2 protein chains.
Amino acid sequence: MTETPRQPTPIAIVGVGKIARDQHIPAIAADPRFELAATVSRSGGVDGVENHASVEALLEARPDVEALSLCMPPIPRFNAARAAIAAGRHVMLEKPPGATVAEVLTLDRMSRDANVTLFATWHSRHAAAAGPARDWLAEKRLTGIRVDWKEDVRKWHPGQDWIWRAGGLGVFDPGINALSLLTAICPVPLHLTSATLSVPENRATPIAADLEFSDGEDLTAMAAFDWRQKGGEIWQIEVETDAGTLSLTEGGARMFVDGTERGLEDPGEYPDLYRRFGDLLADGASDVDPLPLIHVADAFMLGRHLTVEPFED
Amino acid sequence: MTETPRQPTPIAIVGVGKIARDQHIPAIAADPRFELAATVSRSGGVDGVENHASVEALLEARPDVEALSLCMPPIPRFNAARAAIAAGRHVMLEKPPGATVAEVLTLDRMSRDANVTLFATWHSRHAAAAGPARDWLAEKRLTGIRVDWKEDVRKWHPGQDWIWRAGGLGVFDPGINALSLLTAICPVPLHLTSATLSVPENRATPIAADLEFSDGEDLTAMAAFDWRQKGGEIWQIEVETDAGTLSLTEGGARMFVDGTERGLEDPGEYPDLYRRFGDLLADGASDVDPLPLIHVADAFMLGRHLTVEPFED
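None of the values given here were measured: they were computed from a predicted structure.

**Focus on the overall build of chain A**
Here's step 1: What chain A contains, in helices and strands, is 9 helices and 15 strands.
Here's step 2: The C-alpha radius of gyration of chain A comes to 20 Å, within 12% of the 20 Å expected for a compact globule of 313 residues.
Here's step 3: Dimensions of chain A, computed from the C-alpha atoms along their principal axes, are close to 55 × 55 × 40 Å.
Here's step 4: Burial statistics for chain A: of 313 residues in total, 57% are counted as buried.
Here's step 5: Restricting to contacts in chain A with at least 6 residues of sequence separation, those with at least 24 account for 70%.
Here's step 6: Split by element, the accessible area of chain A, about 13,200 Å² in all, is 47% carbon and sulfur.
Here's step 7: Here chain A holds 29 positive side-chain charges and 47 negative ones, and the gap between their average locations is 3 Å.

Pasting the structure below:
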């Protein structure tokens, strides 16, 4: 007896920007469980795929589109997610899952009430080293954590004006990737104890941030996020333990224990995200963890805001 | 058959400042279910009550003290709460329950693991009008909300330097009272959509804040917090509905429907807090709702930070 293969789930991409073109569309194309059925974009969609001007237009025109993957900036995301959930569609959210923590909690509640899948993604949790690092740290005593997440904003966010406006998170847009990975691998809960946010005098969001976390006992985690990096990005987490030092580099693509590299399977972050979304849909489950965004909100609340020199794009 | 009256629970106050003297100590004195057994204060305790220099010293010297009420500023509160929970004591937290949202989640988890009661208090939720307002709004369609929370910081926070330092919350220290009351009475969940925080150029925290919330549909809530108020404080919430206007004034002590005052029972906010804590202890239950603090963190994250004229105490 053979199983009848399930028809691929028709999915729409909402917000056809850099991340959608670089990651989501190739990942969907490679995944037999999904089929890109439509896009929503005001600035042009994808060749050969039906495009709509708004989420509302898509929801009305295409009742067959079971799932929406929301790739637009965080501020307009809530209304799109709300409309999709209200229309009984499953929703996948790019990170961060909202412009506020409260709206993520609201979407979580709405999706439960509507009995649809909500997947608040953190792509860095799907880095090749995430699972192996979590497993390696699980039984060890941690004695120190150092996070460096530094990149050139001109290279990675060219012309993305929204990241510099209030609510755009600034350097926490990449920094939240580090926090999502750290919170996934660290066996003890951490909370922020101090923060300095460096905000260019002509911008509303930080270009750099220095954070200190504690587990309430002896463990301290230091994190430095910086968008002024030149000469190649540094995306790494180093964890000292009683049984050696774990290093994750290249955003978690590579893993070292006491300097020796471990071999890793690497399906790619976004292919693995859609694999996970497919599993959630098959199970009728959701996955919503606002903790990385909570740490960012805590940093804005607890942090000292420092004005630094203007930044011109 | 008569019930044997339960012995009063020995409780300690940690942090003997203005709020402890004005509110907590009289409320405990008036409640037959509690007995003030000790205090922790570096600057002097209460006449006739044993005082300790630190939480650790109290926990070691007085294993009979079953519960601690933590009244110190939010930043040192986590370590005290952690130590108390680790020693198997029940804990009541003044508002806000922490300097960060993450630490509230950590304490919540710790208290569950230790099987002790954790009560993260929001005293404004015990205002006389809180319950009646919630009940009155429950079945109505809300069309607008306006919150004004304005007081003279020199009168209400004399010499409290910590409120002006990073993490001290500034005008959100009183403003969070409004948010705790609003979130308790509003039948629909709200999230912040914009905020302006006015920060004096010589301080780290805002002296005023203007907030806008939405339920994602037609309902908008506007809130104005201001510490520069002269001539009497304004602590009020006005809610327009399809069946009239509800007004709460004096921090929720009084309630009006279309201008007509409703009679209310008023045990007092702090006596009612200790009544609730007594009930939680009797039931072996906890009450931890971080939502008001989440809204504040969201405001710092999403809000525009505006520099305003210096403030001298």
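There is more to say after this.
**Focus on the environment of threonine 307 of chain A**
Residues and elements named next belong to chain A.
Here's step 1: Within the secondary structure layout, threonine 307 lies in strand S15 (residues 304-308).
Here's step 2: In this structure threonine 307 comes out as exposed when scored by relative accessible area, which is 61%.
Here's step 3: A C-alpha to C-alpha distance of 42 Å links threonine 307 and alanine 67, two positions 240 residues apart in sequence.
Here's step 4: Threonine 307 has contacts with Val199 and Glu201, leaving out every residue within four places of it along the chain.

**Quick notes on the interface of chain A and chain B**
Here's step 1: Counting residues at the interface gives 34 residues for chain A, matched by 34 residues for chain B.
Here's step 2: Buried surface at the junction of chain A and chain B, both sides included, amounts to about 2,600 Å², of which 69% is carbon and sulfur.
Here's step 3: Considering only the side of chain A, the residues that lose the most area to chain B are His191, Met301 and Leu302 of chain A, jointly responsible for 24% of the buried surface there.
Here's step 4: At the surface where chain A touches chain B, the tally comes to 2 salt bridges.
Here's step 5: Across the pair arginine 82 of chain B and glutamate 217 of chain A runs a salt bridge, and its minimum N-O distance is 3.4 Å.
Here's step 6: In this structure, the connection of chain A to chain B is made through 8 residue pairs in polar contact (both at pLDDT 80 or more).

**Some words on the domain arrangement of chain A**
Residues and elements named next belong to chain A.
Here's step 1: Taken as a whole, chain A is organised into domain 1 (9-120) and domain 2 (127-266 + 296-308).
Here's step 2: Its C-alpha centre places domain 1 at a distance of 27 Å from the equivalent point of domain 2.
Here's step 3: Counting residues at the interface gives 7 residues for domain 1, matched by 10 residues for domain 2.
Here's step 4: Roughly 660 Å² of surface becomes buried between domain 1 and domain 2 when both sides are summed, with 70% attributable to carbon and sulfur atoms.
Here's step 5: It is Lys18, Lys95 and Pro96 in domain 1 that bury the most area against domain 2; as a group they hold 57% of the surface buried on that side.
Here's step 6: Where domain 1 meets domain 2, there are 1 salt bridge.
Here's step 7: The partner of lysine 95 in a salt bridge is aspartate 173, and the shortest N-O contact between them spans 3.7 Å.
Here's step 8: There are 2 residue pairs in polar contact (both at pLDDT 80 or more) connecting domain 1 and domain 2.
Here's step 9: Grouping the constituent residues of the side of domain 1 that touches domain 2 by class yields 5 nonpolar, no polar and 2 charged.

The rules behind the values
- Counting of residues starts from 1 at the beginning of each chain's written sequence and follows it residue by residue.
- Going through the entries in the order they are written, you letter the chains from A and number the ligands from 1.
- Local features in this predicted model are restricted to residues of pLDDT 70 or higher, and side-chain atom pairs are both shown and tallied only at a pLDDT of 80 or more, whereas totals for entire chains, interfaces and linings draw on every residue.
- In computing side-chain values, all of the structure's heavy atoms are included and hydrogens and water are not.
- In this text, helices come from DSSP runs of H or I with a minimum length of four residues, and strands from runs of E with a minimum of two, each type numbered from the N-terminal end.
- Our radius of gyration looks at C-alpha atoms and nothing else; its globule reference is 2.2 Å times the residue count to the power 0.38.
- We call a residue buried when its accessible area falls under 20% of the maximum for its residue type, exposed when it is over 50%, and partly exposed in between, using a 1.4 Å probe and counting protein chains only.
- Any pair of residues with heavy atoms lying within 4.5 Å of one another is described as a contacting pair.
- Only the protein chains shown count as cover for residues, with accessible areas throughout obtained via the Shrake-Rupley method and a probe of 1.4 Å.
- Residues counted as positive are Lys and Arg, residues counted as negative are Asp and Glu, and His and the chain ends are not counted.
- Charged side chains are reduced to one point each, which is NZ for Lys, CZ for Arg, CG for Asp and CD for Glu.
- Once two parts are joined, some of their accessible surface, as seen by a 1.4 Å probe, is lost; buried area is that loss totalled over both.
- Criterion for a salt bridge: a side-chain nitrogen of Lys or Arg within 4 Å of a carboxyl oxygen of Asp or Glu.
- Whenever a nitrogen or oxygen atom comes within 3.5 Å of another N or O atom, the pair is scored as a polar contact, on the condition that within protein one atom can donate a hydrogen and the other can accept it, and that pairs from neighbouring residues in sequence are kept only if both atoms are in side chains.
- The split into domains, and so the bounds of each, comes from an automatic or database assignment of domains.
- Polar here means any residue outside two lists: the nonpolar Ala, Val, Leu, Ile, Met, Phe, Trp, Tyr, Cys and Pro, and the charged Asp, Glu, Lys and Arg; Gly therefore counts as polar.

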